[in-house]
Amino acid sequence: GVIRLGDQIKDIWFRDITSKIPPVSSASYIVYTDGSKYYAKNGDIGMIEFVDTDISNLLQNVINVLYQRYGGGRIFIKRGMYYPTKTINILDGMSLIIEGEGNNTVFRYTNGFNLFHHEPSNPTWATMVILRNFKVDRSGSGNNHTDILRVSYAKLAVFENIEIVDDLRTVPSYDAGICGFNNLVAVAVRNRVYNKDYAFWLFGYLAVLRENHVENTYLEGISGGGLIKTYFLPSGYDAGGIAIIEDNVCVDCGQGEVAISVDFLNINPLADALAIIRNNLVYGRTQPFIGAIDVVQASHAIVENNKIMGIAKGGAISFANAYQVKYAVVRNNVVDLQYLTFFYYPEINVNAEQAIVEGNRINVNSTANDNIRVFAVIANHAVIRGNKIYASVPSNLYTIPVSIFPFDTSIFDVVFEDNYIDIPSPSWDAPLGIYFDKQSRLVNIVIQKNYFRSPNGGDAILIDGVAQQNFVVHKVVVYNNVVDNLSNNVKVRHDKSGYTITAYVDGDVDLYYYSGGSAYYYKRNSGSATFSGDGSTTQFKIAHGLRSAPSKVLVTPASADARGSYHVTADATYIYVNYATAPPAGTNNIVLYWYAEV
């Protein structure tokens, strides 16, 4: 199924691509330096063919010769310090591997140019390029911002075990460490990037970013996506694709935007665009992020097993441009955040036509002087199960714990079960709020086996219509919930006088209410009733306020004159207490305690 699709794709690309990478001994050219000059030795015959004082010129000459003679090859760059002066271009249509000896092979420069670049003006999507096992050091570059490794319009682009060090600009410069657009397959694995606006900005029909380590990005840490229709598209392909971001670490990323994102830019709304974001760590260690994980314009999305922790200004998981999303799974994520200031995202914000949100753990401790939204789901069909939500906020702030909205005007089905909500906020509508901001045609809501707690009282569940909308609640089933220190289980409310509500409420629902009229309907109700006897009246009527005639009624005399022989009947409006002999005359001398249940 779709849940395992990422694993299948990962195995395919890793097995097929790595099996085609030749060993070190088969290098077409071996490049090395003696400190003042650079040399390129032919790997087949052992002869030095190129000598230059400029590594950029030497590598460009080697690439040109490999393209002309063989259509490509492999360049092995031995340990040493290399000082490039300009961009080295990879030619369209060639197959090229450029490999160093890990961090011992260092490219050192501070000027504003790409180190390796492939972006032809008339692409053929025949290029296969692998860059791996070297370091780029641009520390001290100041305002000379640039993309460092940029490969676009390739059949295959692989970046592996590369370290990039740069200077973090104090304003957005929109430069990336590893960058590329509209590749057929783009892979970045086991790289390390420090101090960029974007560490990775990599897009392809299949884009895989795995086991990378990123620290200190001003805008985004890791961003991947599919084919983008505003760039050249390969023949036979439309916008969209598959993006997999997994097993990465982002520390102090997303200071001005988001740490990890899958972004299908400008896709056709009907295109298939699958986002898989899993097993990542986002850590606001010394710098807060505005967002941790963002999904933009994906038609299908799986966000699972991520850990998001540290200090933050904004939310943990967010779906943008919701009109694109057909199906979303958000599960088993751990969120443990401290808010110093707050920007605008909820902790988890899921927008999708169909959504499964389960097994997430949210713990928020906020000292921000801003209202907090914790958990929001916008969907037509939603299963929200097994989540644990806890937040501590300042006593003067308003908290919105869990909000559920319909995605559009289609059928609205919600199952909300086995969730734990413990948010000691002094001010809120309810721990769970279901809000009709669109006129849904058919509504089915099941709320069961949840735990709701607040030390400040209030209603556990609010089902609410926006003032300007009518809505129809066809069926609400609420049962087996634990409500701790909250005054009511369920409240159904409409805020606009003159608008009608039709509700058929089943199950363990305590309260149905709307403020536009005067009706209060309970599944169960109780109280006391006081009457003045006149010595001749034998029947006393008690308005029970239930939605229908009760099936169970208990009436207990609470005054001496209320004692006597009587029997009780009831209809949809009243409980009737019928005395065999009229009670004596008096003022407020007949007091009855009563309980009724539908």
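Here is what the cut-offs are and how they apply
- Residues numbered from 1 in each chain as written.
- Predicted model: local features only at pLDDT ≥ 70, side-chain atom pairs only at ≥ 80, totals over all residues.
- Heavy atoms only, no water.
- Helix = DSSP H or I, 4+ residues; strand = E, 2+ residues; numbered from the N terminus.
- Contact = heavy atoms within 4.5 Å.
- Areas by Shrake-Rupley, 256 points an atom, 1.4 Å probe, with all protein chains shown as cover.
- Core = buried A, V, L, I, M, F, W, Y, C linked by side-chain atoms within 4.5 Å.
- Buried < 20%, exposed > 50% of the residue type's maximum accessible area, 1.4 Å probe, protein only.
- Pairing = 2+ DSSP bridges.
- Salt bridge = Lys/Arg side-chain N within 4 Å of Asp/Glu carboxyl O.

Trainee: Residue-level account of the overall build of the protein, with values.
Mentor: The helix and strand tally for the protein stands at two helices and 51 strands. The long-range share in the protein, meaning contacts at least 24 apart out of those at least 6 apart in sequence, stands at 73%. Carbon and sulfur atoms make up 48% of the accessible area of the protein, which totals about 23,000 Å².

Trainee: Now, about the nonpolar core: what can you tell me, with residues and values included?
Mentor: Residues Phe-116 and Leu-149 are the most contacted members of the largest nonpolar core, which totals 113 residues. The element best represented in this core is helix 2 (residues 55-70), accounting for seven residues. Not counting the four nearest positions on each side in its chain, Phe-116 is found in contact with Leu-59, Ile-88, Ile-90, Ile-98, Phe-107, Leu-131, Phe-134, Ile-148, Leu-149 and Arg-150. Ala-529, Phe-531, Ile-542 and Ile-590 belong to the second-largest nonpolar core, a separate cluster that totals 14 residues.

Trainee: Tell me about the pairing of strand 16 (residues 241-246), and please be specific about residues and values.
Mentor: Extensive coverage of strand 16 is indicated by the burial of five of its six residues. Note: strand 16 against strand 19 (residues 273-278), six bridges, orientation parallel. By the bridge assignment for strand 19, Ala-243 is matched with Ala-275.

Trainee: Mind laying out the pattern of salt bridges, listing which residues take part and the relevant values?
Mentor: Within this structure, the stated rule accounts for 27 salt bridges. The partner of Arg-74 in a salt bridge is Glu-99, with the nearest N and O atoms 2.5 Å apart. With Arg-74 in strand 4 (residues 72-77) and Glu-99 in strand 7 (residues 95-99), this pair connects stretches of sequence that are 25 residues apart. Of the two residues, Arg-74 and Glu-99, neither departs from the other in class, the shared state being buried.

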